[in-house]
Amino acid sequence: MAILSSTMSKTPVLPLFSKALGASPAEIGWIVMASTVPGILISFPAGALSDYLGKRSIIYAALIVFATAPFLYLLVSDVWQLIAVRFYHGFATAIFGTVVNAAIAERYVQDRAEKLSAYSSATIVGRSVAPFLGGLLISLASFRMVYLTCGISAVLALALGFLLPAESKPATRSHPRDHFVESLKTVLKDRYILATSLVEAALYLVFGAVEAFLALFASSKGIPAWEIGMILGAQLLSIVFLKPLMGVLSDKAGRERVIIPGLIVVGISVLLLPHFPSLLGLMFLVSVFGIGFAAVTSSTSALVADLTKNGAYGSSMGVLSTIMDIGQSIGPVLTGWMVGRHGYAAAFSLLAAILLAVAISFGYIAWVRVRHRR
């Protein structure tokens, strides 16, 4: 319910609402980026704090932000107000995603990727419904109705939050400052955790850019809002159905053997997007995008958890989320500039090149690591 709310607030409504407010492509990039900045600021502190205080209380804090933010969109009348609301809303997903992933990674070991993927797919059910419902509400009603629906969904999520189970074990009770410092040192010393985090950053750089500008590209080709919702929903549906399977494959075949092909698949699909500007063409390509995205994200969190020492799962997931959000922040701004200067084809080609370069680099790092271990 929480992810349904947050996704509907941006897909496909945010770029269309921004355009209605008179925002330029560059300003739309900043609007989209605003919600990812809190992830850079809060993901690690939230994760480390969850190791110290326990996961449930931190999740409650995120649910409160989820439940209040949608109603603020109803007061927006200019671009800067929208940026401010997006910034506040970003704290919800930054805290929620980090802490829930840490809680699951802490509870499961042998089938970690499968469990993380099952949870992720549950959230993607919300992500999948959101574009269809949001596009339909825009076409039949208004932007205002979309944000009211977001608010109702988030309030229900807050109510359901009270059903969360108690902590399975007591949280750490060392001094919080010492705990934060030691956790950060432990995570940052592991170069492979950082390399894996950079892979996820590159993937979300592309994901955030496509999420922001694919709707505008489709709109520029005369595709109506409800069909744009279908296109973006097709991407998310492919992730829902394939991510648990990719998680099982990752547990059995190895993380790197799933991550690297996934990056290549996403890169190729993004490269082809501007060349198939029809409903069916875009639906097919974003579905392929979803397959690659599912492959990578089913394994990155699990790989970071595998590498985590001393049970500092919240801290490790916090570092992963922080670096990921840096990438997701850069994506819309970079793409907005490229679209404004050189058009959609050049922008999507650059995104594809970034992913393919990261796939080659990560493959080399993984190969060196295997040789060193031997």
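In this text, all values refer to a predicted model and were calculated from it rather than measured experimentally.

### Regarding the overall build of the protein chain
- Within the protein chain, the secondary structure is distributed over 15 helices and zero strands.
- Considering only C-alpha atoms, the protein chain reaches an extent of 55 × 45 × 30 Å along its principal axes.
- Pairs at least 24 residues apart make up 85% of the contacts formed inside the protein chain by residues separated by at least 6 positions.
- Distance from the positive charge centre (27 side chains) to the negative charge centre (17 side chains) of the protein chain: 3 Å.

### Section: the layout of surface pockets
- In this structure, the largest pocket occupies an estimated 570 Å³ of space.
- Lining of the largest pocket is provided by 26 residues; of these, Ile59, Phe96, Val100, Tyr119 and Leu164 occupy positions nearest its centre.
- Where the lining of the largest pocket is concerned, the elements lending two or more residues are helix 1 (2-8), helix 5 (55-72), helix 6 (79-107), helix 7 (112-140) and helix 8 (143-161).
- Per-element tally for the lining of the largest pocket: the top contributor is helix 6, with six residues.
- Grouping the amino acids of the lining of the largest pocket by side-chain chemistry returns 17 nonpolar, four polar and five charged.

### What about empty space enclosed by the protein?
- Counted by the stated rule, this structure contains four cavities of 30 Å³ or more.
- Around the largest cavity, the lining is made up of 42 residues, and of these Thr93, Gly97, Arg127, Tyr204 and Met324 lie nearest the centre.
- Tallying contributions element by element places helix 6 first for the lining of the largest cavity, with nine residues.
- Residues of the lining of the largest cavity, tallied by class, amount to 15 nonpolar, 21 polar and six charged.
- In this structure, the second largest cavity spans a volume of roughly 80 Å³.
- Breaking the lining of the second largest cavity down by element, the ones donating at least two residues are helix 2 (13-20) and helix 10 (191-220).
- Here the lining of the second largest cavity gets three residues from one element, more than from any other, and that element is helix 10.
- Here the residues of the lining of the second largest cavity sort into four nonpolar, four polar and three charged.

How each quantity is defined
Residues numbered from 1 in each chain as written. Predicted model: local features only at pLDDT ≥ 70, side-chain atom pairs only at ≥ 80, totals over all residues. Heavy atoms only, no water. Helix = DSSP H or I, 4+ residues; strand = E, 2+ residues; numbered from the N terminus. Contact = heavy atoms within 4.5 Å. Lys, Arg positive; Asp, Glu negative; His and termini not counted. Charge placed at Lys NZ, Arg CZ, Asp CG, Glu CD. 1 Å grid on protein atoms, 1.4 Å probe; cavity = no way out; pocket = protein on both sides within 12 Å on 5 of 7 lines; lining within 4 Å. Points joined across faces, edges and corners; volume = space filled by probe spheres on them. Nonpolar A, V, L, I, M, F, W, Y, C, P; charged D, E, K, R; others polar.

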